[in-house]
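Read off the chains here:
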2 protein chains.
Amino acid sequence: MNYDEAKNKFISTWGSLGTLWGINKAMAQIHALLLISPEPLSMEDIMEQLQISRGNTSMNLRQLMDWGIVFKENKMGERKEYFTSEKDVQELARQIAKERSRRELQPTIKILKDVSNIDEDGTAKTKELIKQTKALHEMADTLDTLMNRVIGQDHNWITKALVKLIK
Amino acid sequence: MNYDEAKNKFISTWGSLGTLWGINKAMAQIHALLLISPEPLSMEDIMEQLQISRGNTSMNLRQLMDWGIVFKENKMGERKEYFTSEKDVQELARQIAKERSRRELQPTIKILKDVSNIDEDGTAKTKELIKQTKALHEMADTLDTLMNRVIGQDHNWITKALVKLIK
DNA sequence: TTAATATTTCAATATTTTTTGAAAGTTTGA
DNA sequence: TCAAACTTTCAAAAAATATTGAAATATTAA
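Whenever I open this one, the relation of the copies chain A and chain B confuses me. Can you help?
Both copies of the chain are related through a single rotation about an axis accompanied by a shift along the same axis. Superposing chain A onto chain B takes a rotation of 180° plus a shift of 0.0 Å along the axis, which leaves an RMSD of 0.1 Å. What the superposition gives is, in effect, a two-fold axis relating one chain to the other. Among all residues of chain A, the minimum C-alpha distance to the rotation axis is found for Leu 20 of chain A, at 3.6 Å. By residue overlap, the copies meet face to face through one surface: 100% of the interface positions of chain A are interface positions in chain B.

What follows is the structure, given as C-alpha cells:
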C-alpha cells in the first residue's frame, strides 16, 4: 500500500466511522484529512481533495470548530483562512467525550431522572418503568462520570494503570 | 407526570438516542417498550403501541435479536410469538459493548494497523500519516480492551472501585 | 469607496435511510 | 393434505439527511 492508497483508505474509513460518533460523512472526512495533514489547509484545498462543494465545506468546518477539534489559522500576509485539527489524539478523545456528554448524555440523564420519579401507584407496569429507568439513570450517571474524569484530564496516568491492571 | 406520559417520554427519548449507539428509531423504540414491559409482548402489541407496520416490526425485532438484547418467548398453547428484552441493564451494556466492538471497533483497528504500516519514505506527509494512525490505533486498541474487559464481565466490582476512586 | 477576494447562507436537489404493505413463506392443528 | 394463523421478505413510497451552487454577506487592500 502506497501513501495515496493509505491516505484514501484512512479518510474513507474515518468518514464512514463518523456516523458512529454522531457526525456526518463529509465532516468526518474533513477531520480525517486535517488530522493527517502536516500543514494547515485552505477551504479550496479541502474542496479539491475531497471533491465536495464550497457550501458543504464551510458548514462542516464550522461544526468541527463547534466541537472544538478544528481550528482556524491565519497565515501572515494571506487573506485566506487555513484550518488545522487537534493533533493530539488524547486531547481529541477528551474533547469528543466532553461534547458527547454535554450534548447527549446529560440531557438523557435529566429525562431518566424525571421519568423514574413518577408516583409509584402499585401497578406492575409502573413498578417496572420506575425500576428500569432508575437502573438506566444510575448507569448513565456512572458513564458520564467516567467520561468526564477518566478520559477527562490527567488521562494517561489513569489509563495506563487501568490497562495494566486489566490486560 | 403520570404513567402514560412517562412511558411515552421514555420511549421517544430512547428512540432518538438510538442513533447514538448505532440503531434506528423504530428499533430503539421497540427495545424501550420491551424494556419497561413487565410481560412479553406480541408483534401485534408492539405494532399497535408504537403505530408501526408489521414489516418494520418484524425486521427490527430480528435485528434486536441479532444484537442479543431481545429474545423470543413462546407461551404454552399459543401459536403467536412473544418478545422480551434483556432486563438487566448491566448485562445490556455488556452485550452492546461486545457487539459494537465486534462490528465497528475491531474492523477499524485492523484498517488503522494496515494504514500505519505503510513504508516510511521520509516525506513529511507520510510521517504524519503514520504517526497519527499509529496513535489512533493504540487508542482504539486500549478502548477495545476496556470495553471488553471492564464492562465485560465481572463488572460491578471494578466499576464501583473505579467510580469511588475518581468521583 | 471600490473592487477584488473570501466566506456564509439557504432553497432546491440529490442521496440515503426508513417504512410500508401486500405477496410469499412457514408452521401447526385438524 | 388443507387451510388458518402467523411471520418474513422486498419492491415501492415516504421521510430524513446531506449536498450543491449561486446569491448575499463580509473583509481587506488600494
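Having seen the structure, we can now continue with the description.
Help me out: how do you make sense of the interface of chain A and chain B in this one?
How big an interface is tends to be stated in terms of the accessible area lost upon association of its parts. On the side of chain B, 49 residues touch chain A, which itself brings 48 residues to the contact. Taken over both partners, the interface formed by chain A and chain B buries close to 4600 Å², and the fraction arising from carbon and sulfur atoms is 79%. Applying the counting rule to chain A against chain B returns 2 salt bridges. A salt bridge links Lys 87 of chain A to Glu 128 of chain B; the shortest N-O distance between them is 3.3 Å. Of all the elements in the fold, those that place two or more residues in the side of chain A that touches chain B are helix 1 (3–18), helix 5 (89–116), helix 6 (124–149) and helix 7 (155–166) of chain A. Residue composition of the side of chain A that touches chain B, grouped by class: 27 nonpolar, 11 polar and 10 charged.

Is there a simple way to explain the protein's contact with DNA strand C in this structure?
Taken together, 18 residues surround DNA strand C, and among them Ser 58, Arg 62 and Arg 79 of chain A together with Ser 53 and Asn 56 of chain B come closest. Considering the 4 Å shell around the protein, atoms of DNA strand C inside it are sugar or phosphate in 58% of instances. Between Ser 58 of chain A and DNA strand C, the recorded distance is 3.1 Å, taken from a side-chain N or O atom to a phosphate oxygen. With respect to DNA strand C, the backbone of Glu 81 of chain A contributes an N or O atom lying 3.1 Å from a phosphate oxygen. Elements that contribute at least two residues to the surface near DNA strand C include exactly helix 4 (54–66) of chain A together with helix 4 (54–66) of chain B. In terms of residues, the surface near DNA strand C owes the most to one element, helix 4 of chain A, which gives 5 residues. Residues of the surface near DNA strand C, tallied by class, amount to 4 nonpolar, 7 polar and 7 charged.

Can you help me understand the pattern of salt bridges in this one?
A pair can form between side chains of opposite charge whenever their charged atoms are brought close. Counted by the stated rule, this structure contains 16 salt bridges over all chains. A salt bridge links Asp 114 of chain A to Lys 110 of chain A, with the nearest nitrogen and oxygen atoms 3.3 Å apart. Of this pair, Asp 114 of chain A and Lys 110 of chain A both sit in helix 5, 4 residues apart, which is roughly one turn of that helix. The salt bridge partner of Lys 72 of chain B is Glu 81 of chain B, with a shortest N-O separation of 3.3 Å. Note on Lys 72 of chain B: relative accessible area 44%, which makes it partly exposed. Taking relative accessible area as the criterion, Glu 81 of chain B reaches 34% and is therefore assigned partly exposed. One salt-bridge network, held together by shared partners, links Glu 99, Arg 102 and Arg 103 of chain A.

Calculation criteria
- Residues numbered from 1 in each chain as written.
- Chains lettered and ligands numbered in written order.
- Predicted model: local features only at pLDDT ≥ 70, side-chain atom pairs only at ≥ 80, totals over all residues.
- Heavy atoms only, no water.
- Least-squares fit on C-alpha atoms with pLDDT ≥ 70 in both.
- Contact = heavy atoms within 4.5 Å.
- Buried area = accessible area lost by both parts, 1.4 Å probe.
- Salt bridge = Lys/Arg side-chain N within 4 Å of Asp/Glu carboxyl O.
- Helix = DSSP H or I, 4+ residues; strand = E, 2+ residues; numbered from the N terminus.
- Nonpolar A, V, L, I, M, F, W, Y, C, P; charged D, E, K, R; others polar.
- Near = heavy atom within 4 Å.
- Polar contact = N/O pair within 3.5 Å; in protein donor to acceptor, adjacent residues only side chain to side chain.
- Buried < 20%, exposed > 50% of the residue type's maximum accessible area, 1.4 Å probe, protein only.

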